[in-house]
Amino acid sequence: MAAAEPARPRRASSHAAGDGEGQDRERPRRTAPRRRSAKAGAAVAMRAAAQQLAELLGRLPDSVSSLKPTEDGWEAQVEVVELERIPDTTSVMASYRVALDEDGELISYERTRRYTRGMIDRPT
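What counts and what doesn't
- Residues numbered from 1 in each chain as written.
- Predicted model: local features only at pLDDT ≥ 70, side-chain atom pairs only at ≥ 80, totals over all residues.
- Heavy atoms only, no water.
- Phe/Tyr/Trp six-rings, centres within 6.5 Å; stacked < 30°, edge-to-face > 60°.
- Helix = DSSP H or I, 4+ residues; strand = E, 2+ residues; numbered from the N terminus.
- Buried < 20%, exposed > 50% of the residue type's maximum accessible area, 1.4 Å probe, protein only.
- Lys NZ or Arg CZ within 6 Å of the ring centre and 35° of its normal.
- Polar contact = N/O pair within 3.5 Å; in protein donor to acceptor, adjacent residues only side chain to side chain.
- Pairing = 2+ DSSP bridges.
- Axes fitted to C-alpha atoms, helices over the stretch in contact; angles between N-to-C directions.

What about the packing of aromatic side chains?
So, step 1. The tally for this structure, following the rule as stated, stands at one aromatic pair.
So, step 2. With a centroid separation of 6.1 Å and an interplanar angle of 50°, the aromatic rings of Y96 and Y109 are classed as tilted. Highlighted residues: Y96 in strand 3 (residues 92-101) and Y109 in strand 4 (residues 106-116), separated in sequence by 13 residues.
So, step 3. The class of Y109 is partly exposed, set by a relative accessible area of 38%.
So, step 4. Positioned above the aromatic ring of Y115 is the side chain of R113, whose terminal nitrogen or guanidinium carbon lies 4.1 Å from the ring centre.

Here you go:
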């Protein structure tokens, strides 16, 4: 790391006339302006719902089973393994309704049901 430090001034002074060495270090880095869209895209919202719910619950989501836009942002259904069992078809799952604002920030969540992984939906 110490060898890289002297190389910077030599390179800058060979390309710039006068005191280019000091200018190079003081010049702010140019980065593309980061613009937030009014509404996060579906893929971004899906990842945000799963990641933020995982932080709150301390469990990794298994899947996002639905995602729909709302007037205020997004609503997602996230499936989480609450209790792992062997065989895994008997693991206890939970479905959470997650509400996100327009920027993809979690504003609320609620567990809507619990079921075993092997349970199939029945027509109503």
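Some words on the side chain of E79
So, step 1. Examined against the element boundaries, E79 turns out to sit in strand 2 (residues 73-83).
So, step 2. A polar atom in the side chain of E79 sits 3.1 Å from the side chain of S95.

Concerning unusual backbone geometry
Among all residues except glycine, the phi angle is most often negative; among peptide bonds, the trans geometry is most common.
So, step 1. The omega torsion across I86 and P87 is -5°, close enough to zero to call that bond cis.
So, step 2. Here P87 shows up in the loop between strand 2 and strand 3.

Quick look at the sheet that holds strand 2
So, step 1. The four strands are arranged 1-2-3-4 in an open sheet whose pairing can be described as antiparallel. Each having just a single partner strand, strand 1 (61-69) and strand 4 make up the two edges of the open sheet. Neighbouring strand axes in the sheet, compared pairwise and without regard to direction, differ in orientation by 20° on average.
So, step 2. Summarising the sheet, strand 2 and strand 3 pair through 10 bridges and their orientation is antiparallel. Residue pairing across strands places V80 opposite A94, the latter belonging to strand 3.

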